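Residues per chain are reported as follows:
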Amino acid sequence: MTSEMTDLQKRIMKLKNERKALILAHNYQTLDIQEIADFVGDSLQLARKSAEGNGFDIIIFAGVRFMAEMAAVLANEIPVYIPAPAALCPLAAYVNAETIRKVRREHPGVPVVIYVNTTADAKSEADYICTSGSAVEVVESIGADKVLFGPDANLAEYVRRRTKVEVIDITSKGHCYVHQQFDEAQILLLKEEHPNAIAIAHPECPPDVQDVADIVGSTGMMARTVVQSPHKKFIIATELGMVQQLQACHPEKTIIPAYDHAVCRQMKKNKLEQILEILENLPEANLVSVPKDKEEHIRTILEQMNRVKGQGPAVPVPVES
Ligand code: SF4
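Residues numbered from 1 in each chain as written. Predicted model: local features only at pLDDT ≥ 70, side-chain atom pairs only at ≥ 80, totals over all residues. Heavy atoms only, no water.

Draft legend 1. Inspection of the site of the ligand at higher detail. Near the ligand, the surroundings consist of Tyr-28, Val-64, Cys-89, Pro-90, Leu-91, Asn-117, Cys-176, Tyr-177, Val-178, Glu-204, Cys-264 and Met-267. Structurally, the ligand is housed in the largest cavity. No fewer than three residues from each of domain 1 (7–88 + 266–290) and domain 2 (90–175) sit in the shell around the ligand. (Near = heavy atom within 4 Å. 1 Å grid on protein atoms, 1.4 Å probe; cavity = no way out; pocket = protein on both sides within 12 Å on 5 of 7 lines; lining within 4 Å. Sits in = over half its atoms within 2 Å of the grid points. Domains from an automatic or database assignment.)

The structure is reproduced here in structure tokens:
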């Protein structure tokens, strides 16, 4: 991304250095925030970066709250701030600790794998944790013949199709309202209009959308695929921030949104002005913490997740003649 920085961005960059602040931004952040971040990535990449913050005095995490909580757990005591404390992921609201205790009673002995898009309360009851980029590997690494999985039912289906493990939904209702909007017919139409384009869908998209995509993968995988693939056109089924980032970073390629209103309102609550406010005043209200009694268990399962490789390299796609 090479656009000229605004005065506000320049002020943030100056203060960032003075404060020794590490700014991490999720792929769904607006471009103005991505431009001032030290690192932009998916949940798995950002969780790993949070654990590597040595040498910084503070971390500012531009994402939704559960992501900043993960950073706080992994950050080796470095204070973590979130620009918009009210940025909550609605998908995370589908399960809590009590939901997990209940399914455990119904399925005794079956390990619980939880998606990162959950509260610290839910994570504290899980045996394993995964991102969309690591879900298949995490489930396979357990070695069990069945697992309880949630809260995202579409991601559960994605895992079910790629492993021999019986994947039991913790809740069949859990979904991301942004990814649920993608539509099979719309993707087919775009593929017809752009016959040489590669369609990539996020695993939070409904199964019929995953079916018509050429590749299904996390935002990290989308980025790797656009970089590595010889193709020039991509239809992207995920949040618009990722589409804008890919286009800004790869002007030589054409990035087509599969739906141009796929915007996560929670992610977009983070603003540059709030980042400046953190750098100037370190407001207590923006400081992220996890209850002490839950922290150790969450750290253990997050570190376990960070040891799996993740989604690996982009899937090679043959060039059409
Ligand atoms: S895009 Fe969906 S899953 Fe991601 S933070 Fe927004 S609501 Fe949650």
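Resuming the write-up.
Draft legend 2. Quick peek at the pairing of strand E3 (residues 58–62). In terms of residue burial, E3 counts as a mostly covered element, since 5 of its 5 residues are buried. Burial of E3 is two-sided: the residues Ile-58, Ile-60 and Ala-62 facing one way and the residues Ile-59 and Phe-61 facing the other way are all buried. Pairing of strand E1 (residues 21–26) with E3, which is carried by 5 bridges, proceeds in the parallel orientation. In the sheet register, Leu-24 faces E3, and the bridge partner there is Phe-61. Of the strand pairs in this sheet, E3 and strand E4 (residues 80–81) are connected by 2 bridges, and their pairing is parallel. Pairing of Ile-59 across the sheet is with Val-80, part of E4. Once you follow E3 into helix H4 (residues 65–74) and on to E4, the crossover reads as right-handed. (Buried < 20%, exposed > 50% of the residue type's maximum accessible area, 1.4 Å probe, protein only. Helix = DSSP H or I, 4+ residues; strand = E, 2+ residues; numbered from the N terminus. Pairing = 2+ DSSP bridges. Right-handed = clockwise from strand over helix to strand, strands pointing away.)

Draft legend 3. Structural view of helix H11 (residues 219–228). Where H11 is concerned, the buried positions are Thr-219, Gly-220, Met-221, Met-222, Thr-225 and Val-226. Residues of H11 that are buried in the fold lie against helix H3 (43–50), strand E9 (198–201), strand E10 (215–216), strand E11 (233–237), helix H12 (240–249) and strand E12 (254–257). (Contact = heavy atoms within 4.5 Å.)

Draft legend 4. Layout of the sheet that holds strand E5 (residues 112–115). Spatial ordering of the open sheet is given by E6-E5-E7-E8, a layout of 4 strands whose pairing is parallel. Among the strands making up the open sheet, the edge pair consists of strand E6 (128–130) and strand E8 (166–169). Averaged over neighbouring strand pairs, the angle between their axes works out to 30° when direction is ignored. Bridge count between E5 and strand E7 (residues 146–150): 3 bridges; the pairing is parallel. Within E7, the residue paired with Val-113 across the bridge is Phe-149. (Axes fitted to C-alpha atoms, helices over the stretch in contact; angles between N-to-C directions.)

Draft legend 5. Examining the packing of helix H1 (residues 7–19) against helix H13 (residues 272–281) more closely. In the contact formed by H1 and H13, the axes pass within 10 Å of each other and the chain directions differ by 30°. H1 and H13 meet at a crossing whose hand is left-handed. Mapping the contact onto sequence places Leu-8, Gln-9, Arg-11, Ile-12, Leu-15, Lys-16 and Arg-19 in H1 and Leu-272, Glu-273, Ile-275, Leu-276, Leu-279, Glu-280 and Asn-281 in H13. For the contact of H1 with H13, the residue count by class is 7 nonpolar, 2 polar and 5 charged. (Left-handed = near helix turned anticlockwise from the far one by under 90°. Nonpolar A, V, L, I, M, F, W, Y, C, P; charged D, E, K, R; others polar.)

Draft legend 6. Expanded view of the nonpolar core. One finds Phe-61, Val-80, Val-113, Phe-149, Val-159, Ile-236 and Leu-302 to be the most contacted residues of the largest nonpolar core, which totals 96 residues. With 8 residues, the top contributor of residues to this core is H4. Phe-61 has contacts with Leu-24, Leu-46, Ser-50, Met-67, Ala-68, Ala-71, Val-80, Tyr-81, Ile-82 and Pro-83, leaving out every residue within four places of it along the chain. Among the nonpolar cores identified, the runner-up in size contains 17 residues, and Ile-12, Leu-15, Ala-25 and Ile-278 belong to it. (Core = buried A, V, L, I, M, F, W, Y, C linked by side-chain atoms within 4.5 Å.)

Draft legend 7. Looking closely at unusual backbone geometry. Note that the residue after Gly-150, namely Pro-151, is joined by a cis bond; omega there is 5°. If you trace the backbone, Pro-151 turns up in the loop between E7 and helix H8 (153–162). With phi around 50°, Lys-20 is a residue other than glycine that occupies positive phi space. Considering the arrangement of structural elements, one finds Lys-20 in the loop between H1 and E1. We classify Lys-20 as partly exposed; its relative accessible area is 44%. For Leu-282, which is not glycine, the phi dihedral falls at a positive 45°. With respect to the helices and strands, Leu-282 occurs in the loop between H13 and helix H14 (292–307). When its relative accessible area of 27% is taken as the criterion, Leu-282 is described as partly exposed.

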